[in-house]
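Structural description and commentary
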Number of protein chains: 2
Amino acid sequence: MVSPKSGASALEALVALCKAHGYVYAVETAGATVYNFGSLGAELRRNLQAEWWQSMVTTQDNVFGIENAICQSSPTQDAHRPSNEAVEEAMQTGYYHCPQSLQHGVLSHYHSSLQLLNNKLPFGLAEMGRCFPRTAAEEERFLYSAREMTAMSMLFFVPPKKSGVWFDLYQRQRMQWWRKFASSPSSFSVVDTSDADNTYPMVNIQFAFPWGVDTVERIALRDDSDLLDLERKTGMSCQGKDGRKTVVPHVVEMETYLEWACLAYLLDGLTEVKRTETVQKILRLHCRLAPYKVAVLPGRGTESQLREITDYIARDLRTAGIPCWYSADPQCSNEQQYTWYDEMGVPFSVAVNENTIKTGITLVRNRDTTIKEQVHISQLQLMLLRYMQAY
Amino acid sequence: MVSPKSGASALEALVALCKAHGYVYAVETAGATVYNFGSLGAELRRNLQAEWWQSMVTTQDNVFGIENAICQSSPTQDAHRPSNEAVEEAMQTGYYHCPQSLQHGVLSHYHSSLQLLNNKLPFGLAEMGRCFPRTAAEEERFLYSAREMTAMSMLFFVPPKKSGVWFDLYQRQRMQWWRKFASSPSSFSVVDTSDADNTYPMVNIQFAFPWGVDTVERIALRDDSDLLDLERKTGMSCQGKDGRKTVVPHVVEMETYLEWACLAYLLDGLTEVKRTETVQKILRLHCRLAPYKVAVLPGRGTESQLREITDYIARDLRTAGIPCWYSADPQCSNEQQYTWYDEMGVPFSVAVNENTIKTGITLVRNRDTTIKEQVHISQLQLMLLRYMQAY
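Residues numbered from 1 in each chain as written. Chains lettered and ligands numbered in written order. Predicted model: local features only at pLDDT ≥ 70, side-chain atom pairs only at ≥ 80, totals over all residues. Heavy atoms only, no water.

Regarding the overall build of chain A
Rules: Comment: elements are numbered from the N terminus, with helices defined as DSSP H or I runs of at least four residues and strands as E runs of at least two. In this scheme, a residue with accessible area under 20% of its type's maximum is buried, one over 50% is exposed, and one in between is partly exposed, where area comes from a 1.4 Å probe on protein chains only. Throughout, a residue-residue contact means that at least one pair of heavy atoms, one from each residue, lies within 4.5 Å. Here the open area of atoms and residues is found with the Shrake-Rupley method and a 1.4 Å probe, where only the protein chains shown may cover a residue.
Regarding its fold elements, chain A presents 12 helices and 18 strands. Of all 391 residues assigned to chain A, the portion counted as buried reaches 56%. Sequence-distant contacts in chain A: of pairs separated by 6 or more residues, those separated by 24 or more amount to 65%. Surface accessibility of chain A: about 16,600 Å² in total, with carbon and sulfur atoms responsible for 49%.

So, the pattern of salt bridges
Basically, it comes down to this: By convention in these notes, a salt bridge is any Lys or Arg side-chain nitrogen within 4 Å of a carboxyl oxygen on Asp or Glu.
Following the criterion strictly, the structure yields 32 salt bridges over all chains and no others. For A:Lys162, the salt bridge identified is with A:Asp242, shortest N-O distance 2.8 Å. Residue A:Lys162 is found in the loop between β5 (149-158) and α6 (163-180), and its partner A:Asp242 is found in strand β9 (residues 240-242); the two are separated by 80 residues along the sequence. The buried category is assigned to A:Asp242, whose relative accessible area is 16%. For B:Arg232, the salt bridge identified is with B:Asp229, shortest N-O distance 3.4 Å. Separated by 3 residues within a single helix, B:Arg232 and B:Asp229 lie in helix α7 (residues 225-234), roughly one turn from each other. B:Arg232 gets classed as exposed once you look at its relative accessible area, which sits at 63%. When salt bridges that share partners are traced, they join A:Glu43, A:Arg45, A:Arg46, A:Glu259 and B:Glu67 into one network.

So, the sheet that holds strand β17 (residues 361-366) of chain B
Residues and elements named next belong to chain B. As a reminder of what qualifies: Only strands that DSSP links by at least two bridges are regarded as paired with each other. Axis lines are fitted to C-alpha atoms, over the contacting stretch for helices. Their N-to-C directions set the angle, which ranges from 0 to 180 degrees.
Spatially, the 5 strands line up as an open sheet ordered β15-β14-β16-β17-β18, and their pairing is mixed. Since the sheet does not close on itself, it has two edges, and those belong to β15 (324-325) and β18 (372-376), each with one partner. Where strand β14 (residues 294-297) lies against β15, 2 bridges are found, and the strand directions are parallel. Across the sheet, the residue bridging to Val294 is Cys324, located in β15. Here helix α10 (residues 334-344) sits on the sheet in contact with β14, β15, β16 (348-351), β17 and β18, set at roughly 165° to β14. Sitting on the sheet, helix α12 (residues 377-390) is in contact with β14, β16, β17 and β18, with an inclination near 125° to β18.

Next up, the structure:
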């Protein structure tokens, strides 16, 4: 827990760094400052989305990723195509708001997905989608200020008898996921809670934000009431097979917001260390989340041979799909560039020097350890790919 | 070019197949049928998005991927946070519509991005975002019927002197991209066109849809007028450096819609072949686009040992990040399952049999050639990863 004062300064420090390095940019308006995601912030978002998807869908048994149109017509709606008024209404009332219960958008995929699996339980439906926070409290903070948020949610449909086992398993799995990318894993914790009416078990995964511990993900174990409701509305059975029995499943519901995750990992990553008598800021973003994995340092001066080598390295790494920061014209010394890339959160840097022309040896520097390693140009791609996997 | 009649039947055949295999699902309403993307369709969309991003951003020099909030405030707007009315107005008037000119959303990233690169040209801004088609013609067709589309666009800012070279280069590159994933690359073509007022060069990339040749991507070479306009509005210089000169750049503008791309590749992939005296449908989706890369066949019967092996294989492949279809309880013969997965567009299948228990040898079948290859379980992961890369 951080005191409000140090909390405010932690946020200020993060805002300053995020503005300087393209994670956010400020739009000054009449009464206030609004922050939008800059190009590096957008890449961080995408990396987080991809990791969530990989963890929740691609590597899981029987989980489908679905997509709903923003103005999706509900099963009971009879217009061919929603009118502008319907879109507007949706934004103000239902689908557009961050959901407090199972989304009709997700449930509209229930029957077709169950059918694809020969009615076998368990299975899951995962979705990412834009929505708008409902409460003022959710709108208040830096990067929360946008009215728009990205929900990442999954409904996992399980036989009632095994629901507790799946609930426990997903709690552990989600907690591992959050900690996996953290510089300080202990900043994440899990607490039992419950919904307002105390009707079903619920846990929150929390992060130690500067303003105090706050929720980043909610996991609930819901009974069959939403599906029974769907049965009544559609007239179609929601029963699935659990071995030889037929049951209406219970639901493990997980939900987090991309904006919460981005902010948590930015705060988690921002650290100050004392290096060579000055205090330096480092953004210790996990390699899987970092917008750029490597920075290529052009070396000072106008040596055309050095320039050719760094051009080659940048092209070589990009071809291998390694996002690479390379600005061919150096304005400052290698040490100044290292400081810059540490703040930017780039995990590795590659520098060339006079010696590289003769031997092909480059210097690969690690952001977190500052250790420099000699690596031959021909080995750079492979070595960085390995480091990225092992991170 | 296809006659209207065969065109209609080609679409009907595609709709039937897409419904049967979870690419789309139909919502029957009072007056008409609306199609939404099912779980496999959603995965195809995501794969296409990822390929576009990889090609346009990750592997390119100095291209930033940006994101705009749906209700992003424009630089001239002075409300801290857009009201419901502002959101609604945006949807009806400006940003929400598919753009006919450079988006203010993209241009709001112009100055901060140029600054990150020390004002050096060229550089690009890429964006994916939801929008709504403006004209009735764009709304009419299957899968176009949603009012919502996903634009994938890039603005590449170049020194005026070199604009023609970049325009040509991107035409070639985009054409290669479209053809790379096609089963029949010749279905894609490029034609010179121009905007309504004939003010700047423009080309269209086209695809032979069943209803005739139609545009899937527009590439235009625009002058500096939008940036000069931005200079006037913001009072900030838009000049960048071209070597030692300072210039207001021209813009290569590329734009396509994810829904066009999905439909084109589904139509391109759907083929009929004569196999064992029956005509079989095959969805020849490129391996990079296919929602599932491999299907694991459980083998008939209740042999617990066979079941254990297929369970292991599915888990092993998923761990390696290979999207894998596995429904543990077979309802039908291997041949029937192959037919099913061919229609579903799964490039590879893995089957086990009695022999596998003794030798560990499985049968890997290729969707397009139907050739079966003997592969040891321990080699499956590696072999499929290699096939996927080489595809």
